[in-house]
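Chain residues, written in single-letter form:
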Amino acid sequence: MAINTTTGILPDHDARFVKTPARISWGAIFAGVVIAIAVQLVLGILGTGIGLTMVDPVEGTTPGAAGFGIGAGSYWIITTIIALGAGGYSAARLAGVHDRFDGLVHGLVVWGVTLIMTLYLLTSAVGGIIGGAFRTVGSVATAAGSGIGAAAPKVADVAGVDTGDVRDEASAYLSTAPSDPAQMTPEQAQKEIAKELPALARGGQDGAQAESRIVDIVAAQRKISRPEAQAQVTRAKAQFVKTKDNAIQTAKSATDKAAGAAAGTSFMVVIALLIGAAAAGFGATAATRRRV
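Residues numbered from 1 in each chain as written. Predicted model: local features only at pLDDT ≥ 70, side-chain atom pairs only at ≥ 80, totals over all residues. Heavy atoms only, no water.

### Considerations on helix 5 (residues 186–202)
Okay, step 1: End to end, helix 5 covers 25 Å across 17 residues, agreeing with the expected 24 Å (1.5 Å per residue, within 8%).
Okay, step 2: A maximum bend of about 30 degrees is found in helix 5 at Glu 196, where proline Pro 198 lies one to four positions downstream.
Okay, step 3: The complete set of buried residues in helix 5 reads Ala 189, Glu 192, Glu 196, Ala 199 and Leu 200.
Okay, step 4: Where the residues of helix 5 are buried, they touch helix 6 (204–222) and helix 7 (226–286).
Okay, step 5: Residue Gly 203 follows helix 5 closely and has a positive phi angle near 80 degrees. (Helix = DSSP H or I, 4+ residues; strand = E, 2+ residues; numbered from the N terminus. Expected span 1.5 Å × (residues − 1). Bend = angle between axes of the 7 residues up to and from the residue. Buried < 20%, exposed > 50% of the residue type's maximum accessible area, 1.4 Å probe, protein only. Contact = heavy atoms within 4.5 Å.)

### As for the nonpolar core
Okay, step 1: Membership of the largest hydrophobic core is limited to nine residues, which are Ala 199, Leu 200, Ala 210, Ile 214, Val 215, Val 218, Ala 219, Ala 229 and Val 233.
Okay, step 2: Listing elements by their share of this core, those giving two or more residues are helix 5, helix 6 and helix 7.
Okay, step 3: In terms of residues, this core owes the most to one element, helix 6, which gives five residues.
Okay, step 4: Those residues within four positions of Ala 210 in sequence are excluded, and the remaining contacts are Glu 196, Ala 199 and Leu 200.
Okay, step 5: One finds Ile 29, Val 33, Val 109 and Val 110 within the second-largest nonpolar core, a separate group that totals six residues. (Core = buried A, V, L, I, M, F, W, Y, C linked by side-chain atoms within 4.5 Å.)

### So, the packing of helix 5 against helix 6
Okay, step 1: With their axes 7 Å apart at the nearest point, helix 5 and helix 6 run at an angle of 155 degrees to one another. The orientation of helix 5 relative to helix 6 falls into the category roughly antiparallel. Handedness of the helix 5/helix 6 crossing: left-handed. Taking contact as the criterion, the partners of Pro 186, Ala 189, Glu 192, Ile 193, Glu 196, Leu 197, Ala 199, Leu 200 and Arg 202 in helix 5 are, on helix 6, Gly 204, Asp 206, Gly 207, Ala 210, Glu 211, Arg 213, Ile 214, Ile 217, Val 218 and Gln 221. (Axes fitted to C-alpha atoms, helices over the stretch in contact; angles between N-to-C directions. Parallel < 35°, antiparallel > 145°, perpendicular 65-115°, else oblique. Left-handed = near helix turned anticlockwise from the far one by under 90°.)

### Regarding the packing of helix 6 against helix 7
Okay, step 1: One can describe the packing of helix 6 onto helix 7 by two numbers: an axis separation of 8 Å at closest approach and a directional angle of 120 degrees. In this view, helix 6 runs oblique relative to helix 7, as classed from their interaxial angle. Read as a crossing pair, helix 6 and helix 7 show a hand that is right-handed. Contacts between helix 6 and helix 7 pair Glu 211, Ser 212, Ile 214, Val 215, Asp 216, Val 218, Ala 219 and Arg 222 from the former with Arg 226, Ala 229, Gln 230, Gln 232, Val 233, Thr 234 and Lys 237 from the latter.
Okay, step 2: Tallied by class, the residues present in the contact of helix 6 with helix 7 amount to six nonpolar, four polar and five charged. (Nonpolar A, V, L, I, M, F, W, Y, C, P; charged D, E, K, R; others polar.)

### Let's talk about the confidence of the model for the protein
Okay, step 1: When pLDDT is averaged along the protein, the result is 75, and 69% of the positions lie at 70 or above.
Okay, step 2: For the protein, per-element mean pLDDT is lowest for helix 4 (residues 163–173), which scores 51, and highest for helix 1 (residues 26–53), which scores 89.
Okay, step 3: With pLDDT under 50 throughout, residues 5–13 is counted as low confidence; its partners more than four residues away or in other chains account for zero contacts.
Okay, step 4: Counting interchain partners and residues more than four positions distant, the pLDDT-below-50 stretch residues 169–174 has zero contacts. (pLDDT = per-residue confidence, 0-100.)

### Thoughts on the pattern of salt bridges
Okay, step 1: Evaluation of the coordinates by the stated rule reveals four salt bridges.
Okay, step 2: A salt bridge links Glu 192 to Arg 213, with the shortest nitrogen-to-oxygen separation between them at 3.5 Å. In this pair, Glu 192 is assigned in helix 5 and Arg 213 in helix 6, connecting sequence segments 21 residues apart.
Okay, step 3: Given the relative accessible area of 8%, Glu 192 is considered buried.
Okay, step 4: For Asp 216, the salt bridge goes to Arg 226, with nearest N and O atoms at 2.8 Å. One end of the pair, Asp 216, is in helix 6; the other, Arg 226, is in helix 7, and 10 residues separate them in sequence.
Okay, step 5: The exposure class of Asp 216 is partly exposed, given its relative accessible area of 30%.
Okay, step 6: Look at Arg 226 and you get partly exposed, because its relative accessible area is 36%.
Okay, step 7: What emerges from the salt-bridge pattern is a single network uniting Glu 192, Lys 195 and Arg 213. (Salt bridge = Lys/Arg side-chain N within 4 Å of Asp/Glu carboxyl O.)

This is the structure:
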């Protein structure tokens, strides 16, 4: 009696034509991204409400800026972990992955797409609004300048003002002070000293000439001898230099602190992003289904 045996492989099927199933599901990833962003928004709004309940300007118990910053940063990290963990878990679960590495990839892709979409929304929405506002202001200013330039002669004609009189009055406002300091009014003396201060600050030959001019003006206006005026100008100059040096030192210190704060913030953001990636990967690997 003959017994027919089979190898379990159908003759009309060739292994070369069997389609390999995709190891990544973009539909599941998109669903995970939507869930992650939604959870992040909900928790962010909840955190805003919690923060506003702590503001009490009447009783004066409002926390300081440092406390708010630390609390907001900690809350942001926690919400990021929850949101990305939920997104990674959802993506891996919907994809039905059985391999832990495939689940990890789904979680990391959810994290990357969420990050890119968040940055895009911030830069496109907020940046577009700000840029559009500045462009609108510039257009209005340009139109206003053109309109004023065209309307100025007509307004002068309606008011019965001669344009020649206007030019004469303007030249009177811009007239130079007398060369003799004794003939200057106090207002003219102040304007002349202010005009010489930039050259005095630059130093050199121009600075020496400016200082001499200022000394002459001070001596004539206060009716004191030139050595006394020179002593007053020297003291004022020394005080000005000291104030300028203090301002420069303060600006350098503030810049150094700002740079340090910016560097610290950058490092904290990088750490938070890495924590978010770890949360998304952990959530996705936790959702990996076991093979039956």
